[in-house]
Amino acid sequence: HSKDCVKVAVRVRPFNKRERAAGSRCIVSMVTSSITIQDPRESQSRRSFCFDYAYWSHSGFTRDRGGLYVPEEPGGAILRPGHVFQDLGEGILENALQGYNATLLAYGQTGSGKSYSMVGYGPNKGLVPKLCDRLFQAIRENQDTRQCQVFFSMLEIYNEQVVDLLSRGSRTPGGLRVREEQQRGFYVEGLRTVPCDSAPQVEQLMEQGTRTRTTAATHMNANSSRSHMLIILQLKQIFSKESITKQSNINLVDLAGSERQRSSGSEADRLKEGTAINLSLTTLGNVISSLADVAVGKKVVHIPYRDSVLTKLLQSALGGNSRTVMIATLSPADICYEESLSTLRYAERAKRIQNRAVVNESPTE
Ligand code: ADP
Ligand code: MG
């Protein structure tokens, strides 16, 4: 029974094309795990935050006398090469193998690097595929002490509706139901759960799920940056000598873009989205704030887990039975100042949350 805080990492991506074309200034700087953001309109106004880890990918820039990053000579050293997987992924894997639930959340504005960090693009594998590689490797290495089963699910929450990203059939109108059971907590009824025995198999399922997500978004004339994507890996380990079974759930969450969301659809869609799309993200913010208050000893009557689908499904990850890591992603550019500052504030609150993770083990039936 251990009490531990949510671990928070920040990651700053390089300028994108648009930012380079606009002649953007870099307003973010980093020293070890502390990060400073400068208000582009007020040279005196800067704020610093300290996190568990900080990763700098905005290479090719160096600091000028005023502390701002300016383009350095071509071929300059990368300022802060990160070890994202070693820092964040290995811990999650270790936890899962010990029988703890683990959760990894990516939070940030659209285009800031959430999917890059979680899933990755092409040869730049993200945390999830790397985690799967290592998981199946660990299973092979531990074959003589335990027998393991891995189950993979992938879903999307859009407009408070749950869509199974692995289901081939037509979508359930209204989405799948979220139910609650005493032991199990909240879960999605009828969600497809695929047994997996290799990392390539998981990657194939992830591709399938990502395709479904994009197609569904186009179909609904929606933007996938407004939906939350959740991958659930269930690991079951049967230790035959001890007659013990350990079960752990790993939640891997690519959250909707944190920017204030504007709708482009019809009036009816706008109304629906205005309340529903933001509901999960807003509620997540409220849950995190309440838990941060609890952590500093404030009296909190009620944690609003039940107010949204996302917070129901992440209940154990937030102040409960899980070891949880958040990666907050941001742009280094002056034009993203407001959003980046709000991401840093959000991440700072998340850092205060305390969880109580327990090993999930029971006698083998
Ligand atoms: P999000 O999922 O938050 O909307 P993406 O992960 O799709 O954003 O990233 C937007 C773009 O920025 C992508 O082209 C991605 O390759 C690039 N990018 C994001 N993070 C990094 C990084 N740390 N290093 C290099 N490129 C990155
Ligand atoms: Mg994305």
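Rules used in this analysis
Residues numbered from 1 in each chain as written. Chains lettered and ligands numbered in written order. Predicted model: local features only at pLDDT ≥ 70, side-chain atom pairs only at ≥ 80, totals over all residues. Heavy atoms only, no water. pLDDT = per-residue confidence, 0-100. Helix = DSSP H or I, 4+ residues; strand = E, 2+ residues; numbered from the N terminus. Contact = heavy atoms within 4.5 Å. Salt bridge = Lys/Arg side-chain N within 4 Å of Asp/Glu carboxyl O. Buried < 20%, exposed > 50% of the residue type's maximum accessible area, 1.4 Å probe, protein only. Core = buried A, V, L, I, M, F, W, Y, C linked by side-chain atoms within 4.5 Å. Near = heavy atom within 4 Å. Polar contact = N/O pair within 3.5 Å; in protein donor to acceptor, adjacent residues only side chain to side chain. Areas by Shrake-Rupley, 256 points an atom, 1.4 Å probe, with all protein chains shown as cover. Nonpolar A, V, L, I, M, F, W, Y, C, P; charged D, E, K, R; others polar.

Caption draft 1: Examining the confidence of the model for the protein chain more closely. In this model, the protein chain carries a mean pLDDT of 85, and residues with pLDDT of at least 70 account for 86%. The lowest-confidence element of the protein chain is strand 8 (residues 69-71), averaging 50 in pLDDT; the highest-confidence one is strand 16 (residues 194-196), averaging 97. Long-range and interchain partners of residues 73-81, a stretch whose pLDDT sits below 50, account for twelve contacts in this model, where long-range means more than four residues apart.

Caption draft 2: The pattern of salt bridges, seen in detail. Following the criterion strictly, the structure yields twelve salt bridges and no others. For the salt bridge of Glu156 with Arg213, the shortest nitrogen-to-oxygen distance reads 3.3 Å. With a gap of 57 residues between them, Glu156 in strand 12 (residues 147-158) and Arg213 in helix 5 (residues 199-219) connect regions that are remote in the sequence. Arg213 matches Glu156 in its accessibility class, with the two residues each being buried. Residues Glu180 and Arg306 are paired through a salt bridge, measuring 2.8 Å at the closest nitrogen-oxygen approach. Here Glu180, found in strand 14 (residues 178-181), pairs with Arg306, found in the loop between helix 6 (267-295) and helix 7 (309-313); they are 126 residues apart in sequence, far enough to count as distant. Looking at Arg306, the relative accessible area reads 52%, which means it is exposed.

Caption draft 3: Structural context of the nonpolar core. In terms of nonpolar packing, the biggest core is built from 51 residues, with Ile35, Leu155 and Leu318 touching the most fellow members. The greatest single-element share of this core, amounting to six residues, is contributed by helix 8 (residues 337-350). Setting aside chain neighbours within four positions, we find Leu155 in contact with Val162, Val163, Leu165, Val188, Leu191, His228, Met229, Leu230, Ile232 and Leu313.

Caption draft 4: Fine view of the site of ligand 1. Near ligand 1 you find 13 residues, and of these Gly111, Lys114, Ser115, Tyr116 and Tyr121 are the closest. The backbone of Ser115 places a nitrogen or oxygen atom 2.9 Å from an oxygen atom of ligand 1. If ligand 1 stood free it would expose 560 Å²; the protein chains cover 72% of that surface. Here the shell around ligand 1 takes three residues from helix 3 (residues 114-118), the largest share from any one element. Residue classes in the shell around ligand 1 are distributed as three nonpolar, seven polar and three charged.

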